[in-house]
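Residue strings, one per chain:
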Amino acid sequence: MSLRKTKRDAFAEGPTLDDRLATGDVEQLFRDLESLVRGDDDPGYPSRWGDVADADPAQQRWVVHGLDLLARNADNAGPGFSGPRAASLIVDRARWRRFEPGAPRFEEEVMSVSGWLEAALPSSLALPGPAALTRLAEIHGRSTAGGAFDATALTTSVLPGLKAELAGEALWWGASSEPEDLSWMESVAASIQGFVRDQGPSFPSAHVAGPLYDGFDYAASVLDARAADDDEDTRLAFLRRRVHLADALYAAGYDHARPDHREILDDLLDEWLADDPELDDLAGLLLGHSPSHEAGERTYVHLPAHVPTEAWGPRESWRPHLHAVMVHEFVHVLAHPAFTEAIETAADGPLLAEGIADLLTADLLGVLVPDHVWTVHGSAAEIRDLAGADQVKAAYYLGRVEFVGLD
Ligand SMILES: [Zn+2]
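It should be emphasised that the depicted structure is a prediction, and the values quoted were computed from it without experimental measurement.

Criteria and cut-off values
- Residues numbered from 1 in each chain as written.
- Predicted model: local features only at pLDDT ≥ 70, side-chain atom pairs only at ≥ 80, totals over all residues.
- Helix = DSSP H or I, 4+ residues; strand = E, 2+ residues; numbered from the N terminus.
- pLDDT = per-residue confidence, 0-100.
- Axes fitted to C-alpha atoms, helices over the stretch in contact; angles between N-to-C directions.
- Parallel < 35°, antiparallel > 145°, perpendicular 65-115°, else oblique.
- Left-handed = near helix turned anticlockwise from the far one by under 90°.
- Contact = placed C-beta atoms within 7 Å.
- Nonpolar A, V, L, I, M, F, W, Y, C, P; charged D, E, K, R; others polar.
- Domains from an automatic or database assignment.
- Expected span 1.5 Å × (residues − 1).
- Buried ≥ 20, exposed ≤ 12 C-beta atoms within 10 Å, placed from the backbone.
- Arc of directions from axis to C-beta.

Caption draft 1: Structural view of the overall build of the protein chain. Scanning the protein chain for helices and strands turns up 22 helices and four strands. With respect to the principal axes defined by its C-alpha atoms, the protein chain has extents near 80 × 50 × 35 Å.

Rendered as structure tokens:
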């Protein structure tokens, strides 16, 4: 990203912006800059002067300096940048501004909240070449012509191993598990959100309609997983999440893009739960200690909120682990809706979504919880090697799924 940071205002001649603001000619100044940023007048975007007229002088100053910065940089944003939208966003976001003109982070803030960065970051990225696209299509299960899904095979290839795994995890949670300090978890959540928001020009902070700007408050969204509903549906959903991560599922011909396959899988999992009360109990118990959130849901993030027994591991390792889990869950919250939607068209969609979230988690953990090893599921690392690390971020955080061959 390169910005024109020269001291010169968008108007080459005449008094400076602050001089013009001081003379009281705010409306004309705003309208001039607004039309510069908007370029061709688009009747779909009426002038926002009405909203700026009532704003306080500090807010007006932020808007005027923001528009000025955009006017000087609109041309190098790359395709996808919308001047009318940016001019409007600047007005919308002025109330929540964090940096005044002249502050070191002011320019970054303007370029992020206006959508400039959202267009500029991907504009310099290369699309995958033909060989990479062929391999990506294979990974996404799009190269095979819908084979048969042998669901019954899962009862031998997945169920016994999964049940043993869940039984092992159940030992982590004694009836007397001590509750984790929720205020500690809330402060961790706030620090994770603050880090992602403030780490500089970055893919997550470029998503102008994303949770970093729509009022989402991670700390206020932290909820003890035990407070989640425990019923037939949530137990099924828990089991489905676990089975979605099993390679054997895809080896059996499961294609997530096919609604009939999803239905067959759910019927099978329902059968497992009905036939095996032990499995049903395990699902109920672990549900209360497992992170989860609804895709696209930005209200609550359920998190394990109890300290596990020694069967899990040494107590001093728990908080670093929980911290890492909370980073991972925040990465899920940051997924662009277009990415989440595109994933549903891939045979290995759920595994792919998890693997890419894992990959991006590992990326953030390198700074936030160094030395913490995070497992990356499925073929996500190969996708990154084929498409590029920034391309994966553009797909995940900005919904530019063409960069990973998912359009
Ligand atoms: Zn996950």
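So that's the structure; there's more coming.
Caption draft 2: Here's a closer look at the confidence of the model for the protein chain. Of the residues in the protein chain, 93% reach a pLDDT of 70 or more, and the chain-wide mean stands at 90. Here helix α1 (residues 17-22) is the element of the protein chain with the lowest mean pLDDT, 89, and helix α22 (residues 389-398) is the one with the highest, 97.

Caption draft 3: Inspection of the packing of helix α11 (residues 182-198) against helix α18 (residues 318-333) at higher detail. For the pair α11 and α18, interaxial distance at closest approach is 10 Å and the crossing angle is 50°. In terms of their interaxial angle, α11 and α18 are classed as oblique. As α11 packs across α18, the resulting crossing turns out to be right-handed. Listed contacts from α18 to Val188, Ala189, Ile192, Gln193 and Val196 of α11 are His323, Met326, Val327 and Phe330. Across the contact of α11 with α18, the residue classes break down as seven nonpolar, two polar and no charged.

Caption draft 4: Layout of the domain arrangement of the protein chain. Domain parsing of the protein chain yields domain 1 (17-123) and domain 2 (130-404). Computed from C-alpha coordinates alone, the two centres of domain 1 and domain 2 are separated by 38 Å. Taken together, the contacts link ten residues of domain 1 with eleven residues of domain 2. Those elements that place two or more of their residues in the side of domain 1 that touches domain 2 are α6 (106-113) and α7 (116-123). Counted by class, the side of domain 1 that touches domain 2 contains six nonpolar, two polar and two charged residues.

Caption draft 5: Local environment of α11. Here α11 spans 24 Å end to end across 17 residues, near enough to the 24 Å set by a 1.5 Å rise per residue. Every buried residue belonging to α11 is among Met185, Val188, Ala189, Ile192, Gln193 and Val196, and all of these are buried. Relative to the axis of α11, the buried residues are bounded by an arc of 130° and lie together on one face. Facing away from the buried side of α11 by more than 90 degrees, the exposed set consists of Ser183, Trp184 and Gly194. Lining the buried residues of α11 we find α12 (203-206), α13 (218-221), β2 (222-224), β3 (301-303), α18 and α20 (349-368). Looking one or two residues beyond α11, the residue adopting positive phi is Gly200, at roughly 110°.

Caption draft 6: Region of interest: α18. Taking 1.5 Å of rise per residue, the 16 residues of α18 would be expected to cover 22 Å, and the 22 Å separating its terminal C-alpha atoms lies within 8% of that figure. If you check which residues of α18 are buried, you get Leu322, His323, Met326, Val327, His328, Glu329, Phe330, Val331 and Val333. Check the buried side of α18 and you find it contacts α11, α13, β3 and α20.

Caption draft 7: A look at unusual backbone geometry. With phi around 75°, Asp371 is a residue other than glycine that occupies positive phi space. A residue is classified by how many C-beta atoms lie within 10 Å of it, and Asp371, with 7 of them, is exposed.

Caption draft 8: How the structure looks around the packing of helix α14 (residues 232-244) against helix α16 (residues 259-275). With their axes 10 Å apart at the nearest point, α14 and α16 run at an angle of 115° to one another. Like other packed secondary-structure pairs, α14 and α16 cross with a definite hand, here right-handed. Residues Arg235, Leu236, Leu239, Arg240 and Val243 of α14 form the contact with α16, whose participating residues are Asp266, Leu269, Asp270 and Leu273. Looking at side-chain class alone, the contact of α14 with α16 contains five nonpolar, no polar and four charged residues.

Caption draft 9: Region of interest: the environment of Leu70. Here Leu70 lies in helix α4 (residues 57-73). Taking the number of C-beta atoms within 10 Å as the measure of exposure, Leu70 has 27 and is therefore buried.

Caption draft 10: Representation of the environment of Arg31 in the model. Checked against the element boundaries, Arg31 lands in helix α2 (residues 26-38). As for Arg31 and Ser290, which are separated by 259 residues in sequence, their C-alpha atoms are 53 Å apart. For Arg31, the contacting residues outside a window of four places in its chain are Ser47 and Trp49.

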